[in-house]
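Coordinates in review
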Amino acid sequence: MPVAKPESSDSRIIAHIDMDCFYVQVEQRKHPNLRGLPTAVVQYNEWKGGALIAVSYEARKCGVKRSMRGDEAKEVCPEIQLVCVPVARGKADLNTYRNAGSEVVSVLAKKGRCERASIDEVYLDLTEAAETMLAQAPPENIEVVDAEAVKSHVLGLNDENGIDPKENVRKWLCRSHADRRDKLLACGALIVAELRMQVLMETEFTCSAGIAHNKILAKLASAMNKPAQQTVVPFSSVKGMLDSLPIKKMKQLGGKLGSSLQNDLGVSTVGDLLKFSEEKLQERYGINTGTWLWNIARGISGEEVQGRLLPKSHGSGKTFPGPRALKTIASVQHWLNELCEELSERLCSDLDKNKRIAHTLTLHARAYKSSDSDSQKNFPSKSCPLRYGSAKMQDDAFNLFQAGLREYLGSNNAKTQEGQNSGWGITGLSISASKIVSIPAGTCSITKYFHGQELPGSLSKESLKQDDFTLEAALSPSGSGSYLEMKLTDKLIECSGEDTEVKDEMPYIDQRENKNDFWKDQNSCCLSTKQAQDDPNGVTSLTSGTGCCVEMSPSQQQRVTLGEETSITYAKSNLKRLERKRNKLKDKGTYSILRFFKNNDEPSCSSRKHEHVENIDVKAPSSAADVPEESPLDEQRREAWSYNIDEIDPSVVEELPPEIQEEVRTWLRPHKRPNIVKRGSSICHYFLPTRNA
DNA sequence: ACGGGTTACACG
DNA sequence: TCGTGTAAC
């Protein structure tokens, strides 16, 4: 459960952007003839027409649900268009959707700190942008407020009889006498409307958004009016919204924890949670979850928007349901090979585009054992250091599997040797790569600050440290199996700005014009076509050849230095195209996201009580006293600095050079409290009370 | 014995 | 640290 540093004066402006039935939109962009038709994306249409993984809003109107199979959807909606997820290596291939998600991120990340929350969702911290707007061009001075912005839904804003709701919203957005927080929200709404328009123009995708003072409220709001609309949550309507919100609708409470709150505590709405003291909640659910619950009941959440544009891990997996369970070692090995190939390709792509290296390979499997005591034990997951190259990964994955299988079957069991089963079956296999670090790691912004723009050959090894990995360890053959065999020249490859992760998964700006050809050309996984053309010679091969290669040339270093300029050029031309497109849209009078929908239903803004939440007493995780040991590393740091991180006033960061503020802030973020509860009531297993009564 | 395939994170 | 489990899309 996320620990929050609840900000009592939380006047941040946070947006949550949620793509509308994303996979469907991706397919509709590819096949424009499907636009406006009831459409769903299915994977594997063999059995019962396949499983629906995304349903267009037109199809939802016909009663098509996500839980249906393709055949079922056809029954309730015979006109439905079913599009299959691409298949590669015998399994679903989600790359097109991942790349499309990256496109969206690269549009949104231009404004404010951006966190990629999932393949089709991001959070944005727009506090600064909103403050700037408020100071320089507040909505009250704008003659005509953006056409998209006035379509916002403002929670708690009552319709006035006979008045165009849009006019009402326009008035709200422009109120000059409003609470400062509301004014900032209004700015946020304008910014988000603009951003959504930009997403539409640059990607052809529509999205919905929530604008609020923290992440959880923004997330809640973005789902309230879909598709292609945005919802604002003024501070004053938070209580009204939460009081009647079913507990399971709250993020993180959709599962067992939410059920436990309902069944064990009789909580049915978030408002009902207010009846319980923080101590009571902690006692039952643990110290962190308890505090978190207490806070979200009041709409408080201090979680920050993490500036992370790229995933923290990659995985590839497949299930083998029922009769298709794998019964031989050979078939397991075959599928592991396929999975490893896909993973390897994606890792190479990540390395190539983002200069990141994964360090851990993990294998998960699901199995059943018909013979003995039924599947009490789950197949154990196993991990090992990750070696690049698909052959190596296949090797390692297979070894991990065998280790897991031995453990799973127990050494007592009859030997399974050479293939044929003895009562076991594998129903799911997946491998994943985690502990991904960028090169150069860690202190990028700070290194850059101290060294200026010049990328230093003399970069100290200290500064490259991140977690337990040094660049050295990562790149040089270590012990038995060498890691990535890469000869780094004396210079750093790349050191991008405040975010070390601004690089898109797909260099989409470059590829935008001929997006349709891009993947066809992309046969080799590690070298973008552009690079291949640019670097006909002087290329050093950096990895062993298992079909996956990494290449860097001396000239690449130059290009890296030029990188900024280059992308600015691209961005400029892109902006021009955008301008053109926008003008075109304006001329046609289609300056509206909703116009992209044939039959959008006119959404009604559910108006809420205009109630004030007074003097919310923010509870930070109670500090000091019972906080046990810290990690040695923290201790060291604190000793060296003679400061307790918890006691540093966060505002001092603002006095640091802007380039390094972001990074320092991450050091100052509050630590989670070890989940130690008073002896005796040690239980944070919410399901425990039910059993063993 | 599954909507499937991924991701992220808490806890021990 | 690693491994397991929950939750979400």
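Keep in mind that what you see is a predicted model, and the values were worked out from it rather than measured. The residue count restarts for each chain, going from 1 along the sequence in the order it is written. Here every chain gets a letter starting at A, and every ligand a number starting at 1, in the order they are written. Totals for whole chains, interfaces and linings use all residues, but because this is a predicted model, local features are given only for residues with pLDDT of at least 70 and pairs of side-chain atoms are given and counted only at 80 or more. With hydrogens and water set aside, each side-chain value is computed from the structure's full complement of heavy atoms.

**A short note on the overall build of chain A**
Rules: A helix here means a DSSP run of H or I that spans at least four residues, while a strand means a run of E at least two residues long, and both kinds are numbered starting from the N terminus. Note on contacts: a residue pair qualifies if any of its non-hydrogen atoms lie within 4.5 Å across the two residues. Surface accessibility follows the Shrake-Rupley procedure with a 1.4 Å probe radius. Residue values consider only the protein chains on display as shielding.
Secondary structure summary: chain A contains 23 helices and 17 strands in total. For chain A, restricting intrachain contacts to residue pairs at least 6 apart in sequence, the fraction spanning at least 24 positions comes to 71%. In the form shown here, chain A has an accessible surface area of approximately 33,600 Å², with 49% of it arising from carbon and sulfur atoms.

**Some remarks on the packing of aromatic side chains**
Definition in use: What counts as a ring pair is set by centres within 6.5 Å for rings of Phe, Tyr and Trp (its six-membered ring), and what kind of pair is set by the plane angle: stacked under 30 degrees, edge-to-face over 60, tilted for all other angles. The buried label applies to any residue whose accessible area, calculated with a 1.4 Å probe on protein chains only, is under 20% of its type's maximum; exposed applies above 50%, and partly exposed to all values in between. Geometrically, a charge over a ring is one whose NZ (Lys) or CZ (Arg) sits within 6 Å of the ring centre while staying within 35 degrees of the ring normal.
Going through the model one piece at a time under the given rule, you end up with five aromatic pairs. Ring geometry for Phe-379 versus Phe-401: centroids 5.4 Å apart, planes at 15 degrees, classification stacked. Taken together, the positions of Phe-379 in the loop between β13 (356-369) and β14 (382-385) and Phe-401 in helix α14 (residues 390-409) put the pair 22 residues apart, joining distant regions of the chain. For the pair Phe-379 and Phe-401, a shared accessibility class is recorded, and that class is buried. Three or more aromatic residues joined by ring pairs make a cluster, and in this case those are Phe-379, Phe-401 and Tyr-408. The ring of Phe-235 is capped by Arg-181, whose NZ or CZ atom sits 4.0 Å from the centre of that ring. Looking at Lys-215, its charged tip hangs above the ring of Tyr-123, at a distance of 4.7 Å from the centre.

**Some thoughts on the packing of helix α13 (residues 329-354) against α14**
As a reminder of what qualifies: Lines are fitted to the C-alpha atoms to define the axes, a helix being fitted only along its stretch in contact, and any angle between axes, read from their N-to-C directions, falls within 0 to 180 degrees. In what follows, roughly perpendicular refers to angles from 65 to 115 degrees, roughly parallel to angles under 35, roughly antiparallel to angles over 145, and oblique to any angle outside these ranges. Crossing handedness is defined as follows: a turn of the near helix away from the far one that is anticlockwise and smaller than a right angle gives a left-handed crossing, while the clockwise case is right-handed.
At a closest axis distance of 8 Å, the pairing of α13 and α14 adopts a crossing angle of 135 degrees. Looking at the two axes, α13 sits oblique to α14. Considering only the axes of α13 and α14, their crossing is right-handed. Counted together, Ile-329, Val-332, Gln-333, Leu-336, Asn-337, Cys-340, Glu-341, Leu-343, Ser-344 and Leu-347 of α13 and Ser-390, Met-393, Gln-394, Ala-397, Phe-398, Phe-401 and Leu-405 of α14 form the full contact between these two elements.

**Topic: the sheet that holds strand β2 (residues 39-43)**
For clarity, the cut-off: In this analysis, strands are considered paired if DSSP registers two or more bridges between them.
The three strands are arranged β3-β2-β4 in an open sheet whose pairing can be described as mixed. The open sheet has two free edges, formed respectively by β3 (51-55) and β4 (81-84), since each of these has just one partner strand. Between one strand axis and the next, the sheet turns by 35 degrees as a mean value, whatever way the strands run. Sheet analysis places β2 next to β3, joined by four bridges and oriented antiparallel. Bridge pairing links Gln-43 to Ala-51 in β3.

**Some details on the sheet that holds strand β10 (residues 207-212)**
Here we have six strands laid out as an open sheet, ordered β7-β8-β1-β10-β11-β9, and mixed in their pairing. The open sheet has two edge strands with one neighbour each: β7 (113-118) and β9 (153-154). By the bridge criterion, three bridges tie β10 to strand β11 (residues 230-232) in an arrangement that is parallel. Bridge pairing in β11 links Ala-209 to Gln-230.

**Some details on helix α12 (residues 287-297)**
Counting buried positions along α12 gives 11 out of 11 residues, so the element sits mostly inside the fold. Ile-287, Asn-288, Thr-289, Gly-290, Thr-291, Trp-292, Leu-293, Trp-294, Asn-295, Ile-296 and Ala-297 are the residues of α12 that are buried. Just downstream of α12, Gly-299 is the residue with a positive phi angle, here 75 degrees.

**Let's talk about helix α8 (residues 215-222)**
Burial within α8 is extensive, with seven of its eight residues counted as buried. Along α8, the residues that are buried comprise Lys-215, Ile-216, Leu-217, Ala-218, Leu-220, Ala-221 and Ser-222.

**Brief notes about unusual backbone geometry**
Residue Pro-227 follows Lys-226 across a cis peptide bond; omega there is -5 degrees. Along the chain, the position of Pro-227 falls in the loop between α8 and β11. You will see that Glu-204, though not glycine, has its phi angle at about 70 degrees, which is positive. Here Glu-204 falls in the partly exposed class, since its relative accessible area comes to 23%. Here Gln-252, not a glycine, exhibits a phi torsion of approximately 85 degrees, which is positive. Its location among the elements puts Gln-252 in the loop between α9 (238-243) and α10 (256-265). Under the relative-accessibility criterion, Gln-252 is labelled partly exposed at 40%.

**Concerning the side chain of Lys-215**
Convention followed: By the criterion applied in these results, polar contacts are pairs of N or O atoms within 3.5 Å in which, for protein atoms, one can donate a hydrogen and the other can accept it, and in which residues neighboring in sequence qualify only through two side-chain atoms.
In this structure, Lys-215 sits in helix α8. At 3.2 Å, the side chain of Lys-215 forms a polar contact with the backbone oxygen of Glu-304. With sequence-adjacent residues up to four places away left out, Lys-215 is seen in contact with Ile-14, Glu-115, Tyr-123, Glu-303, Glu-304 and Val-305.

**Observations concerning the side chain of Asn-225**
With respect to the helices and strands, Asn-225 occurs in the loop between α8 and β11. We classify Asn-225 as buried; its relative accessible area is 9%. Looking at Asn-225, its side chain comes within polar contact range of the side chain of Thr-231, at 2.7 Å.

**Description of the nonpolar core**
To be explicit about the condition: Residues grouped as a nonpolar core are buried Ala, Val, Leu, Ile, Met, Phe, Trp, Tyr and Cys residues, joined through side-chain atoms within 4.5 Å.
Counting residues in each nonpolar core, the largest one holds 53 residues, and the members touching the most others are Ile-17, Phe-22, Leu-108, Leu-124, Leu-126, Trp-172 and Leu-173. Elements with a minimum of two residues in this core: β1 (14-19), α1 (22-30), α4 (95-108), β8 (121-125), α5 (127-136), α6 (165-174), α7 (180-203) and β10. If we ignore the near neighbours within four places in the chain, the residues touching Trp-172 are Val-154, Leu-157, Asp-182, Leu-185, Ala-186, Val-232 and Pro-234. Formed by 36 residues, the second largest nonpolar core is a distinct cluster that contains Ile-329, Leu-336, Leu-405 and Trp-424.

**Focus on the confidence of the model for chain A**
Rules: Per residue, pLDDT measures the predictor's confidence, with a range of 0 to 100.
Averaged over every residue, the pLDDT of chain A is 71; residues scoring 70 or more account for 59%. With pLDDT under 50 throughout, residues 446-644 is counted as low confidence; its partners more than four residues away or in other chains account for 289 contacts. Note on residues 676-693: pLDDT under 50 across the span, and 23 contacts to partners over four residues away in sequence or across chains.

**Here's the deal with the pairing of β7**
Taken together, the five bridges between β7 and β8 define a ladder with antiparallel strand orientation. In the sheet register, Arg-113 faces β8, and the bridge partner there is Asp-125. The turn joining β7 and β8, which pair antiparallel and follow one another in sequence, is formed by two residues.

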